[in-house]
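So the chains spell out like this:
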Amino acid sequence: MSNKTGLLTSSIGKKILMGITGLFLISFLLVHCFINALIFFNDGGETFNKGAEFMGTNWLIRTMEIVLFIGIFAHIFLALKLTLDNRKARPIGYQLVNGTANSTWYSRWMGLLGTLILMFLIIHLAHFWVQSRFTDNLAHTREHIVGNQITMFDRMSIVFSELWIVVLYCLSMVSLAYHLLHGFQSAFQSLGLNHKKYSPLIKTTGVAFSILIPLIFASMPLVMHFGIIK
Amino acid sequence: MSGHGNMNLTLKVWKQKNKDTKGKFETYQAKGISPDMSFLEMFDVVNEQLISGNQEPIAFDHDCREGICGACSMYINGRPHGPKGGVTTCQLHMRSFKDGDTIVVEPWRSAAFPVIKDLAVDRSSFDRIISAGGFVSVNTGNSKDANNILINKDDADEAFNAAACIGCGACVAACKNSSAMLFVSAKVSQLALLPQGQIERYDRVLNMVKQMDEEGFGNCTNTGACEAECPKSISLENIARLNREYSAAKLMQDKVN
Ligand code: HEM
Ligand code: SF4
Ligand code: FES
């Protein structure tokens, strides 16, 4: 008997890919957060700009950037497919659902939280990534400035001088935190990585990661807006 | 009939003639209900009244009435098997409700569980998943000595816990995705953990997952609603094991599939 089921067509196959892309995005968040945290040296962005220069020129990082985009697209595509398929699995809904009795709200709203993150990603990429890759407006470091170029750090101060953008970034980090609060441990479960001894550790690490990383990210626009880091 | 502490309740129950017609909610009054009755006995009382009034009784599934057959599927006030954890509808007592309450009762909702009539749904999709792989090969002939295959105690316990699944479908009903992963994972686990289950191990998981998908159940997103609502407290660890078994089958099985 044929039991052919593909990674993309079987429910578990999709979940495995979802878990792998999710964990990959998590690893990206860690690196991204580390590099950005270099602004906390409070040296006018000197260390940070060096970090950004490394990220922008190192061939390995540039290759990973491509992998990252594939990862994000795969994650979003699968998320969409998963969410739509799941809607079809219950064509007639319940009149009364007591969801809070058996699950957390953020585990039930992963699709919405993800969409909020996606909207943020588009704005965020337009703010920084598009500027650095597709325009000549940015120089890697102050020494390299030609004409009226500015550095990535200067770009951050300009973007974050607007209060509503700071608020938007902070709210988006709340979405990210809740997405991760469910997603981090969920990815391990999807991959079948579960163990009586290690699973509690994974869960605790997940909660810590989901709170700390978005918190550090959110603090960046705040400290720049209020001139604590300049 | 109306003794001390008896309750009057309003029931909003899903009525549907058959799987091809559209259903709707009907309101019924359940009068003089004893708090010691089970939820099904309450329905029996209401149905007696309906029948003597020449009205159609409410159709619902039931068999053992002691929490072992898994027939009594009802989605009560937004939860499968009602407000109490770890019980089936037949084990739910009316003392879990208050006099004057309105109780909304709906059938399991899933594309893979079409409504047959009112609250009774067709759960043969579960049977087809079992037929696809939930079995082991045995020799016919004289019965073997009991316990002649040695089994690690921890594995035996885990397999036993998984085998507690009664196939009620509450996991599907509770899941926002109508996923059958808890059920399938319990059925795969109970055999994968035992020496008797090794022969079909990889075919089993692939075939059962394939059948599960074909039946139109949704994809698991690990919300954990199934585990919380399962009357037999089947653990999410089984789903992780199912995912593991699936990957192992894909990677280890020595044939192209
Ligand atoms: C930095 C960005 C993101 C990270 C780190 C991330 C991380 C994760 C992780 C770890 C999971 C759990 C995977 C699993 O359960 O196997 C997940 C699930 C999910 N994500 Fe994301 N995600 C991100 C962005 C997005 C975006 C942009 C969308 C949608 C447009 C999205 C939608 C979803 C959905 C619908 C799920 C499925 C829920 C589930 O299976 O548990 N995510 N994400
Ligand atoms: S896993 Fe639990 S809820 Fe699901 S069918 Fe088995 S006993 Fe019922
Ligand atoms: S009637 Fe058998 S479990 Fe409820």
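The rules behind these values
- Starting from 1, residues in each chain are numbered consecutively following that chain's sequence as written.
- Think of it this way: whatever chain is written first is A, whatever ligand is written first is 1, and the rest follow in order.
- Predicted model: local features are reported for residues with pLDDT of at least 70 only, side-chain atom pairs are reported and counted for 80 or more only, and whole-chain, interface and lining totals are derived from all residues.
- Hydrogens and water are ignored here; the side-chain numbers use all heavy atoms of the structure.
- Under the DSSP-based scheme used, a helix requires at least four consecutive residues in state H or I and a strand at least two consecutive residues in state E, with every element numbered from the N terminus.
- The cut-offs for exposure are 20% and 50% of the maximum accessible area for each residue type, with area from a 1.4 Å probe on protein chains only; residues under the lower value are buried, those over the upper are exposed, and the others partly exposed.
- We call two residues in contact whenever any of their non-hydrogen atoms come within 4.5 Å of each other.
- The Shrake-Rupley method, run with a 1.4 Å probe sphere, supplies the accessible areas, and residue values consider only the shown protein chains as cover.
- In this charge count, Lys and Arg are treated as positive and Asp and Glu as negative; neither His nor the chain ends contribute.
- Where a charge sits is defined by one atom per residue type, namely NZ (Lys), CZ (Arg), CG (Asp) or CD (Glu).
- When a carboxyl oxygen of Asp or Glu is within 4 Å of a side-chain nitrogen of Lys or Arg, the pair counts as a salt bridge.
- Among buried residues, the Ala, Val, Leu, Ile, Met, Phe, Trp, Tyr and Cys ones that are joined through side-chain atoms within 4.5 Å form a nonpolar core.
- By convention here, the domain bounds are inherited from an automatic or database domain assignment.
- The donor set covers N, O and S atoms within 2.8 Å of the metal, switching to 3.2 Å for Na, K and Ca, and it leaves out water, so a site may look short of donors.
- Geometry is assigned from donor-metal-donor angles: four donors are tetrahedral when every angle falls between 85 and 135 degrees, four are square planar and six octahedral when opposite donors sit over 155 degrees apart with all other angles between 65 and 115, and any other arrangement is irregular.
- Here, patches come from residues exposed beyond 30% relative accessible area and free of salt bridges, joined within 9 Å for like charges and within 5 Å for nonpolar side chains (Val, Leu, Ile, Met, Phe, Trp, Tyr).
- If even one non-hydrogen atom of a residue comes within 4 Å of a molecule or strand, that residue is called near it.
- What qualifies as a polar contact is a pair of N or O atoms within 3.5 Å, subject to a donor-acceptor requirement within protein and to the restriction that residues adjacent in sequence count only when both atoms come from side chains.
- The nonpolar class holds Ala, Val, Leu, Ile, Met, Phe, Trp, Tyr, Cys and Pro. Asp, Glu, Lys and Arg form the charged class, and all remaining residues, Gly among them, are polar.
- The axes are straight lines fitted to the C-alpha atoms, using for helices just the contacting stretch, and the angles between their N-to-C directions are given from 0 to 180°.
- Angles below 35 degrees are treated as roughly parallel, those above 145 as roughly antiparallel, those between 65 and 115 as roughly perpendicular, and all remaining angles as oblique.
- The hand of a helix crossing depends on one turn: near helix anticlockwise from the far one by less than a right angle means left-handed, and clockwise means right-handed.
- Note on pairing: two strands pair once DSSP finds at least 2 bridges between them.
- Per-residue confidence from the prediction method is given by pLDDT, with values spanning 0 to 100.
- Buried area, as used here, totals the accessible surface that two parts lose on assembly, with accessibility defined by a 1.4 Å probe and the loss added over both.

Peer 1: So what's going on with the overall build of chain B? Residues and values would help.
Peer 2: In terms of helices and strands, chain B carries eight helices and seven strands. Expressed along its principal axes, the backbone C-alpha trace of chain B runs to roughly 65 × 40 × 35 Å. Counting every position in chain B, which comprises 257 residues, the buried fraction comes to 52%. Taking as baseline every contact in chain B between residues at least 6 positions apart, the subset at least 24 positions apart corresponds to 69%. When the accessible area of chain B is evaluated, it comes to approximately 11600 Å², of which 49% is carbon and sulfur surface. Taking the average place of the 28 positive charges on the side chains of chain B and the average place of its 31 negative ones, the gap between the two points comes to 4 Å.

Peer 1: Let's hear about the pattern of salt bridges: which residues, and what values?
Peer 2: On inspection of all chains with the given rule, the structure shows 23 salt bridges over all chains. A salt bridge links Lys50 of chain A to Glu46 of chain A; its shortest N-O distance comes to 4.0 Å. Remark: Glu46 of chain A and Lys50 of chain A occur in helix 2 (residues 46–57); sequence separation between them is four residues, near one turn of the helix. The exposure class assigned to Lys50 of chain A is partly exposed, which follows from its relative accessible area of 48%. According to the relative accessible area criterion, Glu46 of chain A is partly exposed, its value standing at 48%. In this structure, Arg204 of chain B engages Glu200 of chain B in a salt bridge whose closest nitrogen and oxygen atoms are separated by 3.6 Å. Here Arg204 of chain B matches Glu200 of chain B in class, with each residue buried. Where salt bridges share partners, they join Lys14, Lys81, Asp85 and Lys88 of chain A into one cluster.

Peer 1: Mind laying out the nonpolar core, listing which residues take part and the relevant values?
Peer 2: Soluble globular proteins tend to bury their nonpolar side chains together. If you look at the biggest cluster of nonpolar residues, it comprises 41 residues, and the most contacted ones within it are Phe126, Ile129, Val184, Val205, Met212, Phe217 and Leu242 of chain B. A total of six residues in this core trace back to one element, the largest contributor, which is helix 5 (residues 181–192) of chain B. Structurally, this core is a two-domain feature, drawing no fewer than three residues from each of domain 1 (7–117) and domain 2 (124–256) of chain B. Apart from the residues lying within four places of it in its own chain, the contact partners of Met212 of chain B are Ser11 of chain A together with Ile129, Ala180, Met181, Val184 and Phe217 of chain B. Cys33, Val159, Tyr169 and Ala218 of chain A belong to the second largest nonpolar core, which has 33 residues in total.

Peer 1: Before we move on, can you summarise the coordination of the iron atom of ligand 1 with the specific residues and values?
Peer 2: All names here are of chain A. Taken together, the protein ligands of the iron atom of ligand 1 are His75 (NE2) and His179 (NE2), with distances of 2.0 to 2.1 Å. Here the iron atom of ligand 1 is ringed by six donor atoms whose angles at the metal span 86 to 179°, and the overall shape comes out octahedral. Here His75, found in helix 3 (residues 59–88), pairs with His179, found in helix 7 (residues 163–190); they are 104 residues apart in sequence, far enough to count as distant. Under the relative-accessibility criterion, His75 is labelled buried at 15%. Given the relative accessible area of 14%, His179 is considered buried.

Peer 1: Please set out a nonpolar patch on the surface residue by residue, giving values where relevant.
Peer 2: Residue and element names in this part refer to chain A. A grouping of Leu163, Val167, Leu171, Val174, Leu222, Phe226 and Ile228 is seen on the molecular surface, where their side chains present a nonpolar patch of about 660 Å² in accessible area. By residue number, the principal contributor to the nonpolar patch is helix 7, which donates four residues. Among the structural elements, Ile228 can be located in the segment after helix 8 (199–225).

Peer 1: Summarise the site of ligand 1; cite the residues concerned and give the values.
Peer 2: Residue and element names in this part refer to chain A. Lys15, His75, His179, Ser186 and Ser190 are the nearest of the 25 residues found near ligand 1. At 3.3 Å from an oxygen atom of ligand 1 is found a main-chain nitrogen or oxygen belonging to Gly19. The side chain of Ser186 places a nitrogen or oxygen atom 2.3 Å from an oxygen atom of ligand 1. Among the secondary structure elements, those contributing two or more residues to the shell around ligand 1 are helix 1 (11–36), helix 3, helix 5 (110–134) and helix 7. Split by residue class, the shell around ligand 1 holds 10 nonpolar, 14 polar and one charged.

Peer 1: Tell me about the side chain of Thr88 of chain B, and please be specific about residues and values.
Peer 2: One can find Thr88 of chain B in the loop between strand 4 (79–80) and strand 5 (102–106). On the basis of relative accessibility, which here comes to 0%, the residue Thr88 of chain B falls in the buried class.

Peer 1: Which residues make up the packing of helix 3 (residues 153–163) of chain B against helix 5 of chain B, and what values do they have?
Peer 2: Residues and elements named next belong to chain B. Taken N-terminus to C-terminus, the directions of helix 3 and helix 5 make an angle of 150°; their axes are 8 Å apart at the nearest point. The angle between helix 3 and helix 5 places the two elements in the roughly antiparallel class. When the axes of helix 3 and helix 5 are compared, the crossing they make is left-handed. Residues Ala159, Ala162 and Ala163 of helix 3 form the contact with helix 5, whose own contacting residues are Ala186, Ser189 and Gln190.

Peer 1: A description of the sheet that holds strand 2 (residues 24–33) of chain B should follow, citing residues and the corresponding values.
Peer 2: All names here are of chain B. Strand order in the open sheet made by the five strands is 2-1-5-3-4, with mixed pairing throughout. The strands lining the two open edges of the sheet, one partner per strand, are strand 2 and strand 4. Strands in contact with helix 1 (residues 39–52) are strand 1 (7–15), strand 2, strand 3 (75–76) and strand 5; relative to strand 2, the strand with the most contacts, it is inclined by about 100°.

Peer 1: Could you give an account of the confidence of the model for chain A, with specific residues and numbers?
Peer 2: Taken over all residues, the pLDDT of chain A has a mean of 94, while the share at 70 or more is 98%. Strand 1 (residues 138–139) of chain A is the least confidently modelled element of chain A, averaging 88 in pLDDT, while helix 7 of chain A averages 98, the highest of any element.

Peer 1: Tell me about the packing of helix 5 of chain B against helix 8 (residues 237–252) of chain B, and please be specific about residues and values.
Peer 2: Residues and elements named next belong to chain B. In contact at an axis separation of 8 Å, helix 5 and helix 8 are set at 70° when each is read in the N-to-C sense. Viewed along their axes, helix 5 and helix 8 adopt a mutual orientation that is roughly perpendicular. In this structure, helix 5 meets helix 8 at a crossing whose hand is left-handed. From helix 5, Met181, Leu182, Val184, Ser185, Ala186, Val188, Ser189 and Ala192 reach across to helix 8, where they touch Asn238, Ile239, Arg241, Leu242, Asn243 and Glu245. Across the contact of helix 5 with helix 8, the residue classes tally to eight nonpolar, four polar and two charged.

Peer 1: Which residues make up the interface of chain B and chain A, and what are the values?
Peer 2: The figure often quoted for interface size is the accessible area lost as the parts come together. On the side of chain A, 41 residues touch chain B, which itself brings 52 residues to the contact. When chain B packs against chain A, close to 3800 Å² is buried across both sides, 49% of that on carbon and sulfur atoms. In terms of surface lost to chain A, no three residues of chain B exceed Arg109, Asn219 and Asn222 of chain B, which account for 17% of the buried area on that side. Here chain B is connected to chain A by two salt bridges. The interface formed by chain B and chain A includes 28 residue pairs in polar contact (both at pLDDT 80 or more). Residue assignment for the side of chain B that touches chain A shows that the elements contributing at least two residues are strand 5, helix 4 (170–174), helix 6 (201–214), helix 7 (225–229) and helix 8 of chain B. It is helix 8 of chain B that provides the largest number of residues to the side of chain B that touches chain A, a total of nine residues.

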